[in-house]
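# Structural overview
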Amino acid sequence: MSAPDGSPVGAERSIGQLFASATTEMSALVHDEIALAKAQLKQDVKRGAVSGGAFSMAGMVLLFSLPMLNFALAYGIRTWSHWNLAICFVLSFAANVLVAVLLGLIGLASAKKAKKSKGPQKVAASVKETASVLQNAKPHPRAELPEDRTPAAIEAVARSSS
C-alpha cells in the first residue's frame, strides 16, 4: 500500500510532502465547494424561470383568450341553456378568470419555493464549517523525536509554516 503521494504507508514524510498533500486536498475541497454552489444556484435559477414562465402564461392566457373564448363560450351556453346572452358572457369571462387564477397560483407556489431555497447560504455555511475544522486541526503527536532535531527547532518550523 502507498499514500496518495506514492510514499509507502507508515514511512515518515517530509514537511514539504505533507504541505503538498494538504494543499492538494484543500484545492480539491475548494473545487468541490464551488461545484456544489454552481449546482444549487442552477436549481434556484431553474425554479425562478418556472415561476416567471407560469406568471407569463397566466397573463397571456387571460389577455389573448378572452375575446375568442368569451364569444364561443357565451354562445355555447346560450345554445344549451337558452339563458340571457349577457349572463352567458359573464359566465364565460368567469371561466377565463378561473384559469388565470390557477396559473397564477402555480407561479406563486414556484416563486415561494425558489425564495425559500437557501443554496448560497448552505454553501457558505459548509465553507465556514470546513474552515473551522481545519483551524482546529492539530498535528499528529510523534512518539519519538529524531536525534538531529530538537523540540525548539520543530516548534520554530511549525510556527513559520502556519
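This text gives an overview of the structure that appears in the document. Values in this document were obtained by computation on a predicted structure and should not be read as measured data.

So, how was this worked out
Residues numbered from 1 in each chain as written. Predicted model: local features only at pLDDT ≥ 70, side-chain atom pairs only at ≥ 80, totals over all residues. Heavy atoms only, no water. Helix = DSSP H or I, 4+ residues; strand = E, 2+ residues; numbered from the N terminus. Contact = heavy atoms within 4.5 Å. Areas by Shrake-Rupley, 256 points an atom, 1.4 Å probe, with all protein chains shown as cover. Buried < 20%, exposed > 50% of the residue type's maximum accessible area, 1.4 Å probe, protein only.

Attention shifts here to the overall build of the protein. Secondary structure summary: the protein contains four helices and zero strands in total. Written out in order from the N terminus, the α and β elements of the protein read α-α-α-α. The contacts in the protein between residues at least 6 apart in sequence include a share of 60% that link residues at least 24 apart. Of the roughly 12600 Å² that the protein leaves accessible, carbon and sulfur atoms contribute 68%.

This part covers the side chain of Glu33. Its place among the elements puts Glu33 in helix 1 (residues 15-81). For Glu33, a relative accessible area of 12% corresponds to the buried category. Every residue in contact with Glu33, bar those within four places of it in the chain, is listed here: Val123, Ser126, Val127 and Thr130.

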